[in-house]
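Now for the letters of each chain:
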Amino acid sequence: MYFLSGWPRRLLCPLRGSEKPFHIQADPRRLLFALLSQTQLSLWHGRPSVLIVCYKESAKAAAQFGTYEKTEWKSDSSMIAVATKNGYILLFDIVYSGQEKYLYEPVYPKGNQRVKVTTGYKEEQCAPSITVEMKKVLDFQAQITSLQSMQDDLVIATNDRILHLIHWDGLTNGRKAINLCSVPFSVDLQSSRGPSLDFECVCIQDMEYCATLDGFAVVFDDGRIGFITPESSKLTAEDFHGVWAQEVTDGTCVAINNKYKLMAFGCANGSVLVYTMDTTTGSMQLSHKLELTPKHYPDIWNKTGAVKLVKWSPDWSVAMVTWDCGGLSLWSVFGAHLFCTLGGDFAHYSDGTKKEPIKISSMSWGAEGYHLWAISSDNNNQQINSDLENKSVIQQAEILQFQFIKSALTVNPCMNNQEQVLLQGEDRLYLNCGDALQNQNSSTASANSGHQPVREKNLLLDDILIPQGLSTLLGHRHWHIVQIHSTYLESNWPIKFAAIDHLGQCVAVAGKYGIAHYALFTRKWKLFGNITQEQNMAVTGGLAWWNDFIVLACYNLIDQQEELRLYLRSSNLDNVFAHITKVQAETLLINVFRDMVILFRADCSICLYSIDRNDNGPNPTASVQVLQEVSMSRYIPHPSLVVSVTLTSVRTETGITLKMPQQACAAESIMLNLAGQLIMLQRDRSGPQVREKDSISKHKKLLPSCAPIVLAQCVENVWTTCRSNKHKRHLLEALWLSCGEAGMKVWLPLFPRDNRKPHSFLSRRIMLPFQINIYPLAVLFEDALVLGAVNETVLYDNLYVHNSENEPLEVLFPFCTVERTSQIYLHHILRQLLVRNLGEQALLLAQSCATLPYFPHVLELMLHEVLEEEATSREPIPDPLLPTVAKFITEFPLFLQTVVHCARKTEYALWNYLFAAVGNPKDLFEECLLAQDLDTAASYLIILQNMEVPAVSRQHATLLFNTALEQGKWDLCRHMIRFLKAIGTGELETPPPTPTTQEPSSTGGFEFFKHRSISFSQSTEGLSTGKFNLQKTLSMPSGPSAKRWSKDVDIAENMYIDEMLWRHARRLLEEMRLKDLSSFAAQLGFELIGWLCKERTRAARVEDFVKALKRLHKDFLWPFPVIPSCSFVNSPFKNGKYKTVGDQFLKSQSMETFANSELESGIINARGSHICLGLNTAHGEMDSGSFQGPQTQDAILSPLLSKGDECSIGSATDLTETSSMVDGDWTMVDEHFSTLSLTPSELEYISMELANKGPCKSQVQLRYLLHIFMEAGCLEWCTVTALILRDSAVMGQIISSIQRSEISNDILQGIKDGMLAVDGWASSDCPGYKPFLNRIKPQLQKLNKVTEEQIQPEAFQPSSRLSISKAVEPPSPWSEDSRNTVSHVNSSQNDNGSGISGQEDDGQGEEEEEPHVDEGSYECSLS
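Since this is a predicted model, take the numbers as computed values, not measurements. (Residues numbered from 1 in each chain as written. Predicted model: local features only at pLDDT ≥ 70, side-chain atom pairs only at ≥ 80, totals over all residues. Heavy atoms only, no water.)

1. Side note on the sheet that holds strand E17 (residues 185–186)
Piece 1. Read from one edge to the other, the open sheet built from five strands follows the order E17-E21-E20-E19-E18, with strand pairing classed as mixed. Edge positions in the sheet fall to E17 and strand E18 (204–210), since each of these pairs with one other strand and no more.
Piece 2. Across two bridges, E17 lies against strand E21 (residues 240–244) in parallel orientation. Opposite Ser-186, over in E21, you have Val-243 as the bridge partner. (Pairing = 2+ DSSP bridges. Helix = DSSP H or I, 4+ residues; strand = E, 2+ residues; numbered from the N terminus.)

Structure (structure tokens):
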């Protein structure tokens, strides 16, 4: 509503002598301020804020009259009365000098047109020259306790219990003074009149006149409060009657709110009691209290002292309160607390030390509430130097001027049908809809800048009102600030009204005269081109937008006529383009509903107009036609009591069952906010209904109105919309109310489900109250959100040196900013419906909002609030709501997540109460597993760990662990391993955090750990913590301390975990899911080689070679080989013609591919004990021809020591290589072979060879798997892997291994049968494998020979991994790439190669290998 902005200003007030200002009073127009000191009267101008004149009493007169105490202005600001200590009233005339005489004038450059064109222009921007002349002195011979201006009279109360009524000219006009002892007081006006003995010895301490109640609110010197009202206009003692509030005895001050008929009484206990008059009995009724609560101000709420002052803002929407101990606090009219300077940054320095609250002796609001003028009573602000003995020396006293920005709703309530928040300051506007500029394309902006009637109509049609999205209205906490045009502001300050259109792209403002409007898409203001037209029009009733027209009610100063005007936004701002309609009486309020305008006038009548748009002509025009006039004088005692008038489609019960769609959104009712009382006046449809066929008949005949209905009390703002949405009828057809400290209320429609006929005894609407933590400024109807603003503070006192004598304002006050905020309200409404047994309506409403992004949070909030209230209640709850809420939440798929999230954010002591209502956590855990929601199940596991015995936790953790393994959620698996270990050791002191959204694991590649083979029963060093770090919650050390920790781990628990891992790995291997097995081992640090050694004769057997081969093709995206169309025999590569060229090409291509793969997947070179070993031949390469003879040549296994020859093994997440030849990027062919000429058959052969190979990353993974299987001695899987790679060299190594090692007959027979099955499958289904099978026939013949002769080689020992790996280690992937594609085609092998066979040579190689084993290890990580 009202928000502090920036730092307060400090105005220096020159006073002669040692006098200090102690009282300030604004005139009725709030343009002049009277400042009192002991013997001086100063007048200040509001804008610019300067001192105009100072009247100083002579020493002789000061001795006679006494010091000044109080002051009061005449209603027309022409006179001022000053009360003195000795009982005198001094009446002063305010005399303005000539028109051409000013104290302060702005200086303009020569030729400025605005200076001389406008008559009286200087009066609005210059400080006038004023003189103060004493007119009359009145002696009342008693101390004056209060004085109050009442129209043309001045009411003076003295301490001798007398009320004096005098005219401003100083005459009594024959009226006698009123003795309070003769005024009868009672509890209400209906009581019998009798002598009021209790008031015989009291006098009035403070009083204020209320025009709308026609009486005086008074505070007596004994603390009692009352209200005195005359029963006739004679104002004699016999005509006065008083009522008083029996329960109050500590009143200190009073302030009247004329618009809402409220009396705010300050009390000695620090609270403000706000009373209203009961219209039936005439008694004083307590409306609400303004008091600090211990919840928000625990240190100061009962230490504020007595209330010193209460001041209502000029628009009557907020009240400022200050106490004896200091501080300022702002409240809305019905008690919503906005801010207080007794807490937060206002009360503490940046270093935490406490500030002394600033004490206010007097304060007064400025024009339109943009400023609050205050005088501080602190001694340190007005220190007098001891050497100033001469009283004539001018002393600089201080006035504080607090700056405010306020909501446009306070003065222009027609903004209540908008979804934007609009704040207006003294010279700027704050909008929350500026983000939509980013969505405006250039064509839209250009169309708006010109005269495009077609575009205007299509974009801004009333029937297609497009609300702004959440990203626009809730994008961030910053505002879009629009600076009001300085030219308009200079001559028309202050800004009175502001309005924004439905799309949030155009704003209009109205100051003292004229209007101006601004478009966000053009970033330009439009002002009146003719200044005379601007200065001859004053907006009186507000302004609103209708499509692209500005609708306003104004007063024509030339014709002295009230008018209704419409200005087109795209046209020039000129009366030529305006549609002007004369109005009979002054317009106080205006509002727009679809194509209708409603006016509330000063004669308490309501007038309805229809607006029609006409696009014929160069510019669109609008025509206005009167529809209906309704007199409300019977129901409205005073026109100024009407806060807002709104035309809506809301009806009571009959409106819900309307069948005609044109009536569903038609204007059905008028909402009047009468001094906080919401009254609905709806159209009477009880008679025969006639279908309105055309708009003409509609305009000519309107239905009569029903009797008014009071809907709610204490209403500050009303929101409604004219949009319709059949999916969210509850929210769009509701009426939203802001009710101050009572929060918000919604008048919600109730619809029968499935179009069933509603019960006759059920109401069609229901009023639901709910509390929110922000002050509502706008309602997003379809998004179930309330938008608001909040004051934020920033301290800058650390930039200054603290000085107790004269601290700068930057130290005394923080810098105040205003930030956007919002709040969800849907859970409040759902809860209220459930309380009233309207679960069906709650379900309909919730289902309509289930698509909102924060709907899960809504359910969680509702469950949490009900749980907190009922579980912590000290009294037994007869009808608990929690079971109903729990049953309601089960209707949504988010039930399981909602419950566990609520439990995790709630104290452990409340869990039993929660799960007694929602169900057993074990059952909920099992539901999560059935729904495959493992993350939620992990959260329930934390609940079970705290509520059940460890055995139950271990059981459920095992279920979750197995499921997570199956689904490949490795982060969750790692957490479960730690969780199970912690259960076993009893070290789980606090539950581990709930895993959030599962990170996409790179199942396409494998992660290599520093220690590749890890057993959980031995060490945990290889565990990767992943994204979630559980070290804080599980008390589990990492790094070097993990070894010490692992020694204390329960061996049985670790073996239990290992068994589960082995079981999962066994199932993966039996299902031939090698890719999943490799990811599993890499992610969890599983000891794959050692486990494969154990399972070599069991799970690591391959029962069906063909099925295994097909599964590898599928998992690794490896294409089945095809036979080239050109004959292999006729290949140009067979004779070695282009052997060197082809070798170079494929080598370079392979190097390029692997370099790119290394950059993508983060490959780290392998070295040390786990380096890749290459096959060294005489020429550095080997092809399939080496196995064509009867003898085979063994390879020397030597490490690749040079940096350039090091092989990289990588892990990849993507199985495609965008830069490789495999994917068809032939640019490299052009680069490397631009000078070569290849025949089409040669190119076809190269492309076919490349097409038969899968992605490069898959090749790396298969090579690594082959290396693992060779180390573990799983020859069947080695054979299958060699088949898919079509690597005859590996097949030769397998045969050599079989010859040298002791292999069981089952394995030998399995390999033989498998190869026969593959040969048969290749012959029938996949002939692409036939060339490779033909090439390895000699190896297969050897296999048959070994199988038949049952050769028993030297024992095969899996523990000697290094020697075996030397014998069977695959070659480098880079060299293999070229061999597999070129060298294997046709090349001869040197029989005198450098290969060494025999056990002795192997031992020698082992000795040569040993120094390199300890030099390094794998350091690759999963990308």
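Resuming the write-up.
2. Topic: the packing of helix H20 (residues 921–930) against helix H22 (residues 950–967)
Piece 1. Between H20 and H22, the shortest axis-to-axis distance is 11 Å and the interhelical angle comes to 10°. The angle between the axes of H20 and H22 places the two elements in the roughly parallel class. For the pair H20 and H22, contact is made by Lys-922, Phe-925, Glu-926 and Leu-929 and by Val-952, His-956, Leu-959, Leu-960 and Thr-963, respectively. (Axes fitted to C-alpha atoms, helices over the stretch in contact; angles between N-to-C directions. Parallel < 35°, antiparallel > 145°, perpendicular 65-115°, else oblique. Contact = heavy atoms within 4.5 Å.)

3. Some points on the sheet that holds strand E54 (residues 744–749)
Piece 1. Reading across the sheet, the four strands line up as E52-E53-E54-E55 and stay open at both edges, with antiparallel pairing between neighbours. Two strands bound the open sheet, and with one partner strand each, they are strand E52 (717–719) and strand E55 (765–770). Neighbour-to-neighbour, the strand axes of the sheet open up by a mean angle of 20°, direction not taken into account.
Piece 2. As paired strands, strand E53 (residues 735–738) and E54 are joined by four bridges and run antiparallel to one another. Its bridge partner being in E54, Ser-738 is matched across the sheet by Met-744.
Piece 3. Contacting E53, E54 and E55, helix H14 (residues 826–835) crosses the sheet at an angle of about 120° to E55.

4. Observations concerning the pairing of strand E19 (residues 215–220)
Piece 1. With respect to burial, E19 is a largely interior element, six of its six residues being buried.
Piece 2. Of the two faces of E19, both are covered, the one formed by Gly-215, Ala-217 and Val-219 as well as the one formed by Phe-216, Val-218 and Phe-220.
Piece 3. Summarising the sheet, E18 and E19 pair through six bridges and their orientation is antiparallel. Across the sheet, the residue bridging to Glu-208 is Ala-217, located in E19.
Piece 4. Between E18 and the antiparallel strand that follows it, E19, lie four residues; Asp-214 among them carries a positive phi value of about 55°.
Piece 5. As paired elements, E19 and strand E20 (residues 225–230) share four bridges and run antiparallel to each other. Within E20, the position partnered with Val-219 by the bridge is Ile-225.
Piece 6. From the end of E19 to the start of E20, which pair antiparallel, there are four residues, and Gly-223 there has a positive phi angle of about 95°. (Buried < 20%, exposed > 50% of the residue type's maximum accessible area, 1.4 Å probe, protein only.)

5. Considerations on the packing of aromatic side chains
Piece 1. For the structure on display, the rule yields 31 aromatic pairs.
Piece 2. Ring centres of Phe-65 and Tyr-88 lie 5.0 Å apart, and the angle between their planes is 55°; this geometry places the pair in the tilted category. Here Phe-65 is found in helix H1 (residues 59–65), whereas its partner Tyr-88 is found in strand E9 (residues 88–96), with 23 residues between them in sequence. Like Phe-65, the residue Tyr-88 is buried in the burial classification.
Piece 3. When the centroid spacing of 5.2 Å and the interplanar angle of 45° are considered together, the rings of Tyr-518 and Trp-525 count as tilted. Trp-525 carries the same exposure label as Tyr-518, and that label is buried.
Piece 4. One aromatic cluster is present, formed by Tyr-2, Phe-339, Trp-365 and Phe-404 through successive ring pairs. (Phe/Tyr/Trp six-rings, centres within 6.5 Å; stacked < 30°, edge-to-face > 60°.)

6. Topic: a nonpolar patch on the surface
Piece 1. Together, Val-794, Tyr-796, Leu-799 and Tyr-800 give the surface a local cluster of nonpolar side chains, amounting to about 360 Å² of exposed area.
Piece 2. Relative to the helices and strands, Tyr-796 is located in the loop between strand E57 (785–794) and helix H13 (809–812). (Patch = residues over 30% accessible without salt bridge, like charges linked within 9 Å, V, L, I, M, F, W, Y side chains within 5 Å. Areas by Shrake-Rupley, 256 points an atom, 1.4 Å probe, with all protein chains shown as cover. Salt bridge = Lys/Arg side-chain N within 4 Å of Asp/Glu carboxyl O.)

7. Describing unusual backbone geometry
Piece 1. Residues Arg-47 and Pro-48 are joined by a peptide bond in cis, for which omega reads 0°.
Piece 2. If you trace the backbone, Pro-48 turns up in the loop between strand E5 (40–45) and strand E6 (50–56).
Piece 3. The linkage connecting Trp-493 with the following residue, Pro-494, adopts the cis geometry, with an omega of 0°.
Piece 4. Structurally, Pro-494 is set in the loop between helix H7 (486–492) and strand E36 (497–500).
Piece 5. The phi dihedral of Asn-837 falls on the positive side, at around 60°, and the residue is not glycine.
Piece 6. If you trace the backbone, Asn-837 turns up in the loop between H14 and helix H15 (839–848).

8. Considering the confidence of the model for the protein
Piece 1. On average, the protein scores 76 in pLDDT, and the residues at 70 or more come to 71%.
Piece 2. Here residues 690–700 is modelled with pLDDT under 50, and outside its nearest four sequence neighbours on either side it reaches 10 contacts, counting other chains as well.
Piece 3. When the criterion is pLDDT under 50, residues 987–1049 qualifies, and its contacts beyond four places in sequence or with other chains add up to 155 contacts. (pLDDT = per-residue confidence, 0-100.)

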